[in-house]
Amino acid sequence: MNVSIKLKLLIFFTSTLSLISCQNESKIEGQWVIKSVTVGNEKMTPDARWVRFHSDFTQESGNGWLQHSFGTYNFDKDTGSLTIINTNGIHDSNEPFKVEIDNKSMTWNRIQNGQMVEVILEQALKLPMTHGDELFGLWKLNEAIGSGPYFKDPDRIIDGDYIFFRWDKRFVISSGTVNINGVYNVHGHKPEVELIPYSAHLQRNFWNMKINKDTITLQLLNTDSTVTRTFKRIHEFPGS
């Protein structure tokens, strides 16, 4: 075999191995969704938290459809050391995360306040939805069980009763001739919504949420009796 052929074969195999190496190399760049967070022995997984790493060492993060943080990051591939700096956040005085990347999954570990913290992430093309994202929209009352602060008479469901969860964290309840306005908060770790009415005659209250496609059931918390309100998603205001 002459020198020219040997050289061409060497270049071919070197290029092929380099290409395979690049294809198999796990990279931190991309969009990652946090699947679980463990602090010591306790699970503390946030709802639909994500982080996006760019090749220019900038990053953004958020929960569901809301981006709330941005900044830069430092990733040392040799040591697997990751430091995240949020330009609009609080300085992180903890040690860097030790990172292990396996194809489309990634694990972060570090000691934080004397406890081991483990974060497991997976790559994702789409942003995940929080419980609050699923709540957005117009919902018609289908069933009421128990006497509660809204839709008080469970034996008298008016056909036009509804609750409207707006994107700006305000809600509107219409029941018969009564309209109630207020703001709402969704828990960052579990499916709970807090309704805070503007009316001085109504107190804030907390409800567990169960969402199944186009049906939502709210169950009143901090009560000895069973109070639930079940709604069906609609796309027009009743009577419009």
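Residues numbered from 1 in each chain as written. Predicted model: local features only at pLDDT ≥ 70, side-chain atom pairs only at ≥ 80, totals over all residues. Heavy atoms only, no water.

Undergrad: Sorry, what's going on with the overall build of the chain here?
TA: Broken down by element type, the chain carries two helices and 17 strands. Taken over 240 residues, the chain has a buried fraction of 34%. In the chain, the proportion of contacts linking residues at least 24 apart, taken out of those at least 6 apart, comes to 41%. (Helix = DSSP H or I, 4+ residues; strand = E, 2+ residues; numbered from the N terminus. Buried < 20%, exposed > 50% of the residue type's maximum accessible area, 1.4 Å probe, protein only. Contact = heavy atoms within 4.5 Å.)

Undergrad: Is there a simple way to explain the nonpolar core in this structure?
TA: It is characteristic of soluble globular proteins that their nonpolar side chains tend to be buried jointly. Tyr150, Phe165, Phe171, Val193, Leu195, Trp207 and Phe231 are the most contacted members of the largest nonpolar core, which has 21 residues in total. The set of elements that each furnish at least two residues to this core consists of β10 (137-145), β11 (162-165), β12 (170-175), β13 (178-186), β14 (192-197), β15 (205-212) and β16 (215-220). Top contributing element to this core by residue count: β16, with three residues. Not counting residues within four places of it along the chain, the set of residues in contact with tyrosine 150 comprises Phe171, Ile173, Ile180, Leu195, Pro197, Leu202, Gln203, Asn205, Trp207 and Arg229. (Core = buried A, V, L, I, M, F, W, Y, C linked by side-chain atoms within 4.5 Å.)

Undergrad: Looking at this structure, how should I read the sheet that holds β10?
TA: Backbone hydrogen bonds hold the strands of a sheet together, and the pairing may be parallel or antiparallel. Around the barrel, eight strands lie side by side as β10-β11-β12-β13-β14-β15-β16-β17; this closed barrel has antiparallel pairing. On average, each strand axis in the sheet is tilted by 30° relative to the strand beside it, whichever way the strands run. Where β10 lies against strand β17 (residues 228-234), seven bridges are found, and the strand directions are antiparallel. Across the sheet, the residue bridging to alanine 144 is arginine 229, located in β17. (Pairing = 2+ DSSP bridges. Axes fitted to C-alpha atoms, helices over the stretch in contact; angles between N-to-C directions.)

Undergrad: For this particular structure, what's the right way to read the pairing of β12?
TA: Look at any regular strand and the pattern is simple: side chains alternate between the two faces of the sheet. Burial within β12 is extensive, with five of its six residues counted as buried. Relative to β12, β11 runs antiparallel, the two being bridged by four bridges. Directly across from phenylalanine 164, in β12, lies its bridge partner valine 172. Where β11 folds back onto β12 in an antiparallel hairpin, the turn is made up of four residues, including lysine 169, whose phi is positive at roughly 70°. Bridge count for β12 against β13 is six bridges, and the pairing is antiparallel. Its bridge partner being in β13, isoleucine 173 is matched across the sheet by isoleucine 180. Remark: two residues form the turn of the hairpin made by β12 and β13, two consecutive strands paired antiparallel; glycine 176 in that turn has positive phi of roughly 65°.

Undergrad: What should I look at first to understand the pairing of strand β8 (residues 105-112) in this one?
TA: One ladder, built from five bridges, connects strand β7 (residues 97-102) with β8; its direction is antiparallel. Bridging from a neighbouring strand, aspartate 102 pairs with serine 105 of β8. Hairpin remark: β7 followed by β8, antiparallel, with two residues in the connecting loop; positive phi at asparagine 103, about 60°. Bridge count for β8 against strand β9 (residues 115-123) is eight bridges, and the pairing is antiparallel.

Undergrad: Looking at this structure, I do not really get the confidence of the model for the chain. What am I missing?
TA: When pLDDT is low, close inspection of the predicted coordinates is not appropriate. A residue-level look at the chain finds 86% of positions with pLDDT of 70 or above and a mean pLDDT of 88. Segment residues 5-25 is flagged for pLDDT under 50; beyond a separation of four residues in sequence, or across chains, it makes three contacts in the model. (pLDDT = per-residue confidence, 0-100.)

Undergrad: I tried to follow the pattern of salt bridges on my own but got confused; where do I start?
TA: Here the idea is simple: oppositely charged side chains can pair when their charged atoms come close. Enumeration over the complete set of coordinates arrives at six salt bridges. Note that glutamate 60 is salt-bridged to arginine 52, the shortest N-O span being 2.8 Å. Between arginine 233 and aspartate 214 there is a salt bridge, with its nearest N and O atoms 3.9 Å apart. In this pair, arginine 233 is assigned in strand β17 and aspartate 214 in the loop between β15 and β16, connecting sequence segments 19 residues apart. (Salt bridge = Lys/Arg side-chain N within 4 Å of Asp/Glu carboxyl O.)

Undergrad: Help me understand the side chain of serine 81 in this model?
TA: Looking at the element boundaries, serine 81 is found in strand β6 (residues 81-86). Among the residues examined, serine 81 registers a relative accessible area of 16% and is labelled buried.

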